[in-house]
Amino acid sequence: MNKIFKNHHRGLTVSLMVVFLTGLLLGCDGVRVTHYFERGALATAAPIATGVGETVFARGGNACDAAVAVGFALAVVHPEAGNIGGGGFALIHDGASGEVRALDFRETAPAAATEKMYLDKNDEVIENLSTFGAKAAGVPGTVAGFYRLWEEYGTMPWEELVTIAAALADTGYYIDAYMAESFEEHKKALTSFASTAEIFYPDGRALKTGERLFQKDLSRTLYLIAAEGPDGFYKGQVAESLVKTMTEHGGLISLEDLENYSPVWREPIHFIFDSLDIYSMPPPSSGGIVMGQILKLIEPYDFSAWTPATPEYIHLFCEASRLAFADRATHLGDADFYPVPDGLLDESYLQQRRSLIIEKHASSSAETRPGSFGPANESEETTHFSICDRDGNMVSITYTLNTAYGSKLVVEGGGFLLNNEMDDFSIKPGVANTYGLVGGEANKIEPGKRMLSSMSPTLVLRKDRPYLALGSPGGSKIITVVAQTIVNCTRFGLTPVDAAGQPRFHHQWLPDQIYLEEGGFDINTKQGLISYGHNIQERTPYSDLQMVFVDNDGLMYGVADPRKRGSAGGY
Ligand code: DON
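**Focus: the domain arrangement of the protein chain**
Here the protein chain is partitioned into domain 1 (35–263 + 387–423) and domain 2 (266–380 + 455–552). Just the C-alpha atoms count here: the centres of domain 1 and domain 2 sit 28 Å apart. Counting residues at the interface gives 30 residues for domain 1 and 28 residues for domain 2. Both faces combined, the contact of domain 1 with domain 2 buries some 2,100 Å², and carbon together with sulfur accounts for 71% of it.

Structure (structure tokens):
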């Protein structure tokens, strides 16, 4: 059985305050240790970024201050997904007012984008055009998003928060085995562009563990952002470098696109599951609605004889996912451009959908249709971080370049990678994106529109008090990872630490297949699912959940997914 699953029951998660100890523990048996914290706790995908968050707490900052500093730091120390050239979403619980808000800083399609921009004259998809190089990039939202967050909730000077990342990029840092492996793996694609190759492959070879990565241009860009706020990115020399890179490499983003970019506050998706208030991301993310559908569809069932690996449970969850992802493909897109139906989480509609689930019998995706309403799309490289503080603030942020290192193109002189988020649009009806997701009218390309996402930063409140902040990378699997972690905590009564370590499974309507995490499920589970008529396929452990939780005494803990190099910490 895979090490992760064998050890997670004993495992508590890591505090990066004890990096050395952590290294020793991980070296021994994969066990992770958590501590509780009184001022603030966080979990991120990169140890150095976790340390940055701890520093902010030590200097008296709140969860939003820490989020801004961590967000910029990840752009330096987790370049596969941390970014300033991408976008994302934040869910915020304001401890003072009790209000939960969703901030959308997703990329937008450039004004010059057209519905068929990735098709040739025969309407065939041009390979890699939506995933590789300048044309794959949407207008970045990260810098504007973090600034908006800071403007409304920050307490420390912006300049101080951004300067931590700028300094890290300038002085460089020692890369770990995880990054060395990643650079090796992505060498071919990343060395296609000179501006990218010279940073990550300075002597024409991948940096090795223990060597230092310097990012001088990125540092300069970050210092400009520190000094000038979003204007340091969306106007002036950085903006001009970005547009010059576009012009040279056939991209579409213009100075006007950059100037016009604006993040948007949105009403979160809210539903109650097992007496807990769950808040997640509304369109342009599909996360909140699809997760809400899955959890509400399975809520009435009796779980008392089940565990997270019981075939009946996996079957039920996957049938609910099949229905929910069928709705995703037809009904979901940027609600500012497409009339997303209102009733997707109504109990009367869900009852109708629930009646399609047959006990111990797999339905067929070919015959599963999305629900009807009036007129009215993997790799593993997004990143999530969760932060909470003693004032009841919680921040749950998922942001991304889309696939690993996004478009692979670094802005010359700017030092930062551009996203390839345009691939999240439906580039042709019925044609699957990187994550195997299909779509149509609701998610077609239109100028200024945001591409449909699966990112699901989520907050869970218990009796109006902070309980969990969680999220993950994983493309379409994000939604099922977050939903399963919640079910593991509530229905199966596991601690958040154990909940994060449980093996995962996934179904997304098309392809008609259940993905089971390799090493996580025994022969009885697999045999059970096959006997119900499911196609099963094993996949290497996936996603990288980062979660914080607050116990009944108000003590705060961080939980980093044991599958990767993430770490939890606090102050
Ligand atoms: O927004 C989305 O759904 C995707 N661009 C997320 C990409 C992702 O999670 C990649 N890594 N796991």
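**Section: the packing of helix H15 (residues 311–331) against helix H19 (residues 523–531)**
Relative orientation of the contacting elements H15 and H19 amounts to 50°, with a least axis distance of 9 Å. What the angle tells us is that H15 and H19 run oblique. Every pair of crossing elements has a handedness; the one defined by H15 and H19 is right-handed. Of H19, the residues touching H15 (which contributes Pro 311, Ile 314 and His 315) are Asn 524, Thr 525, Gly 528 and Leu 529. Its residues assigned to classes, the contact of H15 with H19 shows 3 nonpolar, 4 polar and no charged.

**Considerations on the nonpolar core**
Of all hydrophobic cores here, the largest spans 85 residues; its most connected members are Leu 295, Ile 298, Tyr 313, Ile 486 and Phe 505. Top element by residues in this core is H15. It accounts for 11 residues. When residues of this core are assigned to domains, at least three map to each of domain 1 (35–263 + 387–423) and domain 2 (266–380 + 455–552). Filtering out sequence-adjacent residues up to four positions away, Ile 298 remains in contact with Phe 273, Phe 303, Leu 316, Phe 317, Ala 320, Val 487 and Arg 491. Counting 84 residues, the second largest nonpolar core, distinct from the first, contains Val 77, Val 238, Tyr 261 and Trp 265.

**Some thoughts on the site of the ligand**
Near the ligand, the surroundings consist of 16 residues, among which Glu 381, Thr 382, Glu 421, Asp 424 and Gly 474 are the closest. Arg 106 has a polar side-chain atom sitting 3.0 Å from an oxygen atom of the ligand. Glu 381 places a polar main-chain atom, nitrogen or oxygen, 2.5 Å from a nitrogen atom of the ligand. In isolation the ligand offers 340 Å² of accessible surface; the protein chains occlude 100% of this area. Looking at the shell around the ligand residue by residue, the classes come out as 4 nonpolar, 7 polar and 5 charged. Both domain 1 (35–263 + 387–423) and domain 2 (266–380 + 455–552) contribute no fewer than three residues apiece to the shell around the ligand.

**Structural notes on the side chain of Gln 508**
Note on placement: Gln 508 falls in the loop between strand S14 (505–506) and strand S15 (514–517). Among the residues examined, Gln 508 registers a relative accessible area of 4% and is labelled buried. Within the local environment of Gln 508, its side chain forms a polar contact with the side chain of His 506, the two groups lying 3.0 Å apart.

**Let's talk about the pattern of salt bridges**
Applying the stated criterion across every chain, the model contains 28 salt bridges. The residue Arg 205 makes a salt bridge to Glu 211 at a minimum N-O spacing of 2.7 Å. Judged by its relative accessible area of 30%, Arg 205 is partly exposed. A relative accessible area of 24% means that Glu 211 is categorised as partly exposed. Here Asp 217 makes a salt bridge to Arg 220, at a shortest N to O gap of 2.4 Å. With Asp 217 and Arg 220 both in helix H10 (residues 216–228), this residue pair falls 3 residues apart, about one helical turn.

**Regarding the sheet that holds strand S16 (residues 536–539)**
Reading across the sheet, the 3 strands line up as S14-S15-S16 and stay open at both edges, with mixed pairing between neighbours. Whereas interior strands pair on both sides, the edge strands pair on one side only; in this sheet they are S14 and S16. In this fold H19 packs onto S15 and S16, with an angle of close to 145° to the strand it touches most, S16.

**A short note on unusual backbone geometry**
In the segment running from Pro 283 into Pro 284, the intervening peptide bond is cis, with an omega of 15°. Here Pro 284 is to be found in the loop between strand S9 (276–280) and helix H14 (287–298). Across the junction of Leu 510 and Pro 511, the peptide omega takes the value 0°, indicating a cis bond. Locating Pro 511 in the fold gives a position in the loop between S14 and S15. If you check the backbone angles, Asp 274 has positive phi at about 50° while not being a glycine.

Conventions adopted
Residues numbered from 1 in each chain as written. Predicted model: local features only at pLDDT ≥ 70, side-chain atom pairs only at ≥ 80, totals over all residues. Heavy atoms only, no water. Domains from an automatic or database assignment. Contact = heavy atoms within 4.5 Å. Buried area = accessible area lost by both parts, 1.4 Å probe. Axes fitted to C-alpha atoms, helices over the stretch in contact; angles between N-to-C directions. Helix = DSSP H or I, 4+ residues; strand = E, 2+ residues; numbered from the N terminus. Parallel < 35°, antiparallel > 145°, perpendicular 65-115°, else oblique. Left-handed = near helix turned anticlockwise from the far one by under 90°. Nonpolar A, V, L, I, M, F, W, Y, C, P; charged D, E, K, R; others polar. Core = buried A, V, L, I, M, F, W, Y, C linked by side-chain atoms within 4.5 Å. Buried < 20%, exposed > 50% of the residue type's maximum accessible area, 1.4 Å probe, protein only. Near = heavy atom within 4 Å. Polar contact = N/O pair within 3.5 Å; in protein donor to acceptor, adjacent residues only side chain to side chain. Areas by Shrake-Rupley, 256 points an atom, 1.4 Å probe, with all protein chains shown as cover. Salt bridge = Lys/Arg side-chain N within 4 Å of Asp/Glu carboxyl O. Pairing = 2+ DSSP bridges.

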